[in-house]
Every structure is written in structure tokens, then in C-alpha cells.
Amino acid sequence: MSNSDEQYDHIFLAMAQKHSGGMPDFLRTFAGFLRRKSDFFSGDWEQFMMDIFRKEAEIAMSDQAKKLKQQEQEKKIRQDKEQEVKAAAAAAAREKEISNQKICDITDEEAAEIIKEEESKKRQKLLEDSTPADGTGPVMITDDISKPIEKVEDDSEKDEIGKLLPNAGNGCTLDKYMWTQTLGEIELKVPFNVTFALRARDVIVDIQKKALKVGIKGQEPIINGELCAEVKMEESLWVLQDSKSVQITLEKVNKMNWWDRLVVTDTPISTRKINPEPSKLSDLQGETRSLVEKMMYDQRQKEMGLPTSEDQKKLDILEKFKQQHPELDFSKCKFN
């Protein structure tokens, strides 16, 4: 897409936001403009429009395919790193046995194979435990379900009691689905328990600006409700994985806040317990990293009822002014 294509985006966005009926109303307004102010409809307008829309559709599909490919590459990189960690752990264990003069009659390759087999058994056991008795319906996620906070050490955190602890991805693991998040997006995984290989046409995924519906056609939806906050529909996408589960990426509109739940009917998580991986922050450079750290600090301060960095700066300036002018009486003044 060239810069010239994007130069009118702000105008179209402003117009689109004024149409409560969404894209159909917006297109109807545009068509009405062409009818009133031009002779557009006097020619072969249908073929002209179809050519334009087909070209834009091809570009959109190409962009989506690139994003999906990038996600698959990132997933492979994560899996490779996990395998490296497991192999390193097996090698370290073997070296420790040797240093303690213990008998070790397996190779690194054999150790890695044993670890792989044990992991496979654990996954199989999880699948058997989560399969409903009638053999249909969604898979029940039983491993690492997010637990509620039962007690806190500080009275300032008493409001967190009853909320769920975030999972390792700063999201929530529930019995039927799990999600993780960054400040920019939500990554949601919904597994299904079916006796056949799912195809895209078997699945219902309806992403709206502030609503989400996920399920299998002919069955009760697993997710069907109002989202915690607004998402960018055009930047959100979903993909069918292993013919058994759906992975959905939701692009946040507000990239300054952590979500405390996926849909409003879910039990909230404690956003005060969110702890982004230091490695993620270290990947950021200069001003970007400083901005993210400031956003995280301000959000935690707001949740605790304390002044943000900007509020604190104003208070410091006021305090300094008081010290410079002790002759002034501020006792009856109110400051916002």
C-alpha cells in the first residue's frame, strides 16, 4: 500500500465513525454522493466497482496470509527454544550425575527422547481427563486453571481477594478456553472435542468491535458475549489449528491498558499481579521502552488510588512553590 493510499484514511475514519449502522451505512452514503454529484451510474459502474473491490480483496488476503505466516514462524521459534531448554536441562542433569560419580548409562539423545515421551504421556493424560463422558462438546482445560486470590499481605490489596491470578501470559486460563495478552493484543485459544477433523466452514468465529462469538455450527457457542474493551475488527484474525482448536488474535484499540477479563461475564483477573517478561521490555529501545514502563507504572498507581507520574510531577512543583513562598496561605485552596 502506497502513502498516497493512506493520506485520506483520517477523513474516511472520521466519516465512518459517524455511521452507527457500520460499513453498509457508510457505503450507502458514498453511493448517494456519487448519484447526486456525478454521472457515475450512467456508465458501466458495476464492472468498474467489482474490479476495484477484487483488487483490494486480493491485497487484504495477501496481508492476512503474511501475518499468519509470521505467526507460524514465531510459534516455531518458540517451540525450538523450548526444545533447546529441555535438551540443556537433560545435559545438565547428566553432567551432575557424572560429577557426583553416579552411574549414567544413557546418552543425551536418549535423555531427550525420554523427556519427549514423558511430555507426550502428560498431554495424553490431560486429554483423557478432559474428555466429556458423551464424547461431544468442548475440551475442558484442567491444567493450570487460573486460581482465585484467597489472601493478601497488604491491606491496600484487599480488593484483589476473589480475583483470579493471571496465567504466565498475563491472561487467564479457564475450563473451556485460555487467553494471553500484551498491551497491544489478545491471543485466545479455544479447543474443541470432536470426533472428526474440523474445517473452517464448521466453525463460527464472529469478531465485532466489542463482542465475540466462537463455537461450532449446530452447537451452543463456547463464547458469546460482550468483550472487556473494544478491538480493531480489521486487524483481528483467526486460524484453525490441528483441525481441533481455534486461535484468535484480537488487536486492542486502547493499547495502554491491561484487560482484566475476556468477556464481561468472566471472573476478573488481578491486573496488579501482571508482570510482563523483562526480556520483552529489554527488546524495546530508548523512548519506546521508557513510554511502556511509564504506562505500566501509571496504570498500577491508578489501580491503587495513588498519583500517576504526571500527577506527582504537579504535586512536586506545587510543593516547591510553597517552600519558595512561605508567606502565602494555601490551607483553604483546592487543587485538582
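Our subject is the structure that appears above.
Residues numbered from 1 in each chain as written. Predicted model: local features only at pLDDT ≥ 70, side-chain atom pairs only at ≥ 80, totals over all residues. Heavy atoms only, no water.

Asks: Explain the overall build of the protein here, please?
Replies: Assigned secondary structure in the protein consists of eight helices and eight strands. Residue burial in the protein is summarised as follows: out of 336 residues, 24% are buried. Intrachain contacts of the protein at a sequence separation of at least 6 include 52% that bridge at least 24 residues. A total accessible area of about 24,100 Å² is found for the protein, and carbon and sulfur atoms account for 53% of it. (Helix = DSSP H or I, 4+ residues; strand = E, 2+ residues; numbered from the N terminus. Buried < 20%, exposed > 50% of the residue type's maximum accessible area, 1.4 Å probe, protein only. Contact = heavy atoms within 4.5 Å. Areas by Shrake-Rupley, 256 points an atom, 1.4 Å probe, with all protein chains shown as cover.)

Asks: Mind showing me how you'd approach the packing of aromatic side chains here?
Replies: The geometry of an aromatic ring pair is captured by two quantities: the separation of the ring centres and the angle between the planes. The final tally for this structure, using the stated rule, is five aromatic pairs. Taken together, a centroid distance of 5.9 Å and an interplanar angle of 70° make the contact between Phe40 and Phe48 edge-to-face. Site record: aromatic cluster; members linked through ring pairs are Phe40, Phe41, Trp45 and Phe48. (Phe/Tyr/Trp six-rings, centres within 6.5 Å; stacked < 30°, edge-to-face > 60°.)

Asks: How should helix α3 (residues 23-37) be read in this particular structure?
Replies: Along an α-helix, residues three or four apart share an orientation, since each turn contains 3.6 residues. Here α3 is 15 residues long and its end C-alpha atoms lie 21 Å apart, about the 21 Å a rise of 1.5 Å per residue gives. Buried within α3 we find Phe26, Gly32 and Leu34. Here the buried face of α3 lies against α2 (9-17). (Expected span 1.5 Å × (residues − 1).)

Asks: Mind showing me how you'd approach the sheet that holds strand β7 (residues 237-241) here?
Replies: Paired through their backbone hydrogen bonds, the strands of a sheet run either parallel or antiparallel. Read from one edge of the open sheet, five strands run β1-β2-β3-β8-β7, paired in antiparallel fashion. Sheet topology places β1 (172-173) and β7 at the edges, where each strand pairs with a single neighbour. Sheet topology note: the strand β3 (residues 185-191)/strand β8 (residues 245-251) ladder contains seven bridges and is antiparallel. Counted as the bridge partner of Glu185 is Glu251 from β8. (Pairing = 2+ DSSP bridges.)

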